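# Structural features, examined
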Amino acid sequence: MAALTAIGSLSIDMYLPSFPAMAADLGVGANMVQLTLASFLIGLAVGQLFYGPFSDRFGRKPPLYFAIGLYAVASCACVFVRDVETLIVLRFFQGLGGCGGFVISRAVIRDKMGAEGSARAFSLMMLVFGVAPILAPLFGGLVLTLWGWRSIFVALTVFAAICLVAMHHVMDESRDPQHVQPLHLGRICRQYWGLLKDRQFMSYALCGGLVQAGLFAYIAGSPFVLIELHGIPAQYYGLVFGANAIGLIGASQINARLVIKRPLDRILNHALTVAVIVSMSSALAVAAGIDSLPLLLVCLFFYLAAYGMISPNAMAIVLKHQGKQAGTASALMGTLQFGLGVLSGICMSMWNTKSALPLTSVMALCGLSAFLLYHLVAKKQSSPATAI
């Protein structure tokens, strides 16, 4: 399951170093190559809504075979493209297939474990989420140097093939036969509408999604803020990025131990408090003209560390009461959270100013919104089993 969740990060981060080479080889500008990333992200967001209901009806493995198979075929086809338009289309289908991995993996974990067990498993999977963005660009750059940009898609095809073999031999079907859901469009729409009206589901899903949107803002804005504004050499930016990723990984592993003895809501509350304090502190400091790099780095580190505890616990609580429709719930949660992340990236791109204010403000808005949503809505919807 952890390997399947890595598909998204690998598909994005591995080929980022190859953008100039791709543009030169295909005879287009950098903006056209960037569209290949946009089409992949659209495929990731849209595809999630389909895999959830299909996995609730046919089981977890059949849709997963289709999803990873589609991803492998699209990745292989990317090796042979001769124009950027075809690559854009194929990247969309890559995203459409790749998103099945992390949608269904969440449902599988929910099938096999309770809320606390799911929180531990999601915490351990955060290890992959944190490590992949560090190692993938390094591996992608190495492959690019040795064999060219097309070899990166060869590597992604091989990775997908390995996942398919592992799924066939290692993964067990986890959906309860008693929870089979008929596959009718009207019923699917009613399920999604019911989840959208479920205050507990929506409040916890959006809490996790808002903090994740702050993470997207960090990914989009930190290169400009740290390299151009604060003068960190580009070759050392990866060290800062890696240090923050280590904070995320470390916090998620601590969370895996904490959930054994402490209620999920209590841990979530404390982590949200840390996120809002550090994000608001950095935003207020920048707004007041205090342009302190050490303060910014400390705030970024603890925000990502807080996210390492918020995300697994919010996901576990969201899916706790969705046994009969875990796939559908996982799909809608992923689409909502990913949509918020894309929205934060758009805000970052539209707010064009030579300061750290866009980055810190968006992260502060995300952290504060998640904190208020939790205390005003989510906390009131908690069951006695999860309440503080």
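Each chain carries its own residue numbering, running from 1 in the direction its sequence is written. At least 70 in pLDDT is required for a residue's local features to be given in this predicted model, at least 80 for side-chain atom pairs to be given and counted, and no such filter applies to totals for whole chains, interfaces and linings, which use all residues. As a rule here, side-chain values come from all non-hydrogen atoms in the structure, and water together with hydrogens is ignored.

Helix and strand counts for the protein chain stand at 14 helices and zero strands. Per the convention used, a helix needs a DSSP run of H or I reaching at least four residues, while a strand needs a run of E reaching at least two, with both numbered from the N terminus. If you list the helices and strands of the protein chain from N to C, you get α-α-α-α-α-α-α-α-α-α-α-α-α-α. Partly exposed describes any residue whose relative accessible area lies between the buried limit of under 20% and the exposed limit of over 50%, with all areas from a 1.4 Å probe on protein chains only and scaled to the type maximum. Here the protein chain holds 388 residues, and the buried ones make up 53% of them. Taking contacts inside the protein chain between residues at least 6 apart in sequence as the whole, the part at least 24 apart equals 86%. Here the open area of atoms and residues is found with the Shrake-Rupley method and a 1.4 Å probe, where only the protein chains shown may cover a residue. Carbon together with sulfur atoms contributes 70% to the accessible area of the protein chain, which is approximately 16400 Å² in total. Residue contacts are defined here by distance: any two heavy atoms, one from each residue, within 4.5 Å place the two residues in contact.

With that out of the way, let us pick up the pattern of salt bridges. Put simply, a salt bridge is a Lys or Arg side-chain nitrogen that is within 4 Å of an Asp or Glu carboxyl oxygen. Within this structure, the stated rule accounts for one salt bridge. Close ionic contact of D25 with R150 constitutes a salt bridge, the shortest N to O distance being 3.1 Å. Of the two residues, D25 sits in helix α2 (residues 19-26) while R150 sits in helix α7 (residues 150-170), which places them 125 residues apart along the sequence.

The next subject is the state of the cysteines. In protein structure, a disulfide is the covalent linkage between the sulfur atoms of two cysteines. Disulfides are defined in this document as cysteine sulfur pairs within 2.5 Å. What the rule picks out here adds up to zero disulfides. Of all cysteine sulfurs, the one in C78 lies closest to C76, which takes part in no disulfide; the gap is 9.1 Å. For C76, a relative accessible area of 34% translates into the label partly exposed. C78 gets classed as buried once you look at its relative accessible area, which sits at 0%.

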